[in-house]
Amino acid sequence: LSELGALPVSAMIHIPKAQDVINRDGSIVVTSEGNDEEERWQKYCSRTFSQLEWWAVAARNHREVVDPFDESPVFGKAPSQRNAP
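Residues numbered from 1 in each chain as written. Predicted model: local features only at pLDDT ≥ 70, side-chain atom pairs only at ≥ 80, totals over all residues. Heavy atoms only, no water.

Asks: Kindly report on the overall build of the chain, identifying the contributing residues and their values.
Replies: Counting its secondary structure elements, the chain contains three helices and zero strands. Along the chain, helices (α) and strands (β) appear in the sequence α-α-α when read from the amino end. The buried share among the 85 residues of the chain stands at 8%. Of the contacts formed within the chain by residues at least 6 apart in sequence, a portion of 52% connects residues at least 24 apart. Just so you have it, the chain exposes about 7,700 Å², and 55% of that area is on carbon and sulfur atoms. (Helix = DSSP H or I, 4+ residues; strand = E, 2+ residues; numbered from the N terminus. Buried < 20%, exposed > 50% of the residue type's maximum accessible area, 1.4 Å probe, protein only. Contact = heavy atoms within 4.5 Å. Areas by Shrake-Rupley, 256 points an atom, 1.4 Å probe, with all protein chains shown as cover.)

Structure representation (structure tokens):
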């Protein structure tokens, strides 16, 4: 995923049959198993969101120290600038 520019967040969120878990308004479906399902899903998803937040804060803090475009300037002419020498 890093080749696509995605952050390396190791925790993934899997929601099999999302239509049975999430209401149209984004809330968690509460079934006969009890009302703790929303809490269980929040706990399950929080690991991923915590990792994503860590990367976002780290990137913001580093950008305040180093301008990323100084080291890796934007290609301004042609896609061929990406070619190896």
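Asks: Describe the environment of Ala18, with residues and values.
Replies: Tracing the chain through its elements places Ala18 in helix H1 (residues 18-21). Look at Ala18 and you get partly exposed, because its relative accessible area is 30%. Sequence spacing of Ala18 and Ile28 is 10 residues, and the spatial spacing of their C-alpha atoms is 9.8 Å.

Asks: Tell me about the packing of aromatic side chains, and please be specific about residues and values.
Replies: All told, the structure shown has two aromatic pairs when counted by the stated rule. Pairing Trp41 with Tyr44 gives two aromatic rings, centres 5.5 Å apart and planes at 85 degrees, and the pair type is edge-to-face. Here the residue Trp41 and the residue Tyr44 both occupy positions in helix H2 (residues 37-65), the gap between them amounting to three residues, near one helical turn. Aromatic side chains Trp54 and Trp55 sit 5.2 Å apart centroid to centroid with 85 degrees between the ring planes, which places their arrangement in the edge-to-face category. The exposure class of Trp55 is partly exposed, given its relative accessible area of 32%. (Phe/Tyr/Trp six-rings, centres within 6.5 Å; stacked < 30°, edge-to-face > 60°.)

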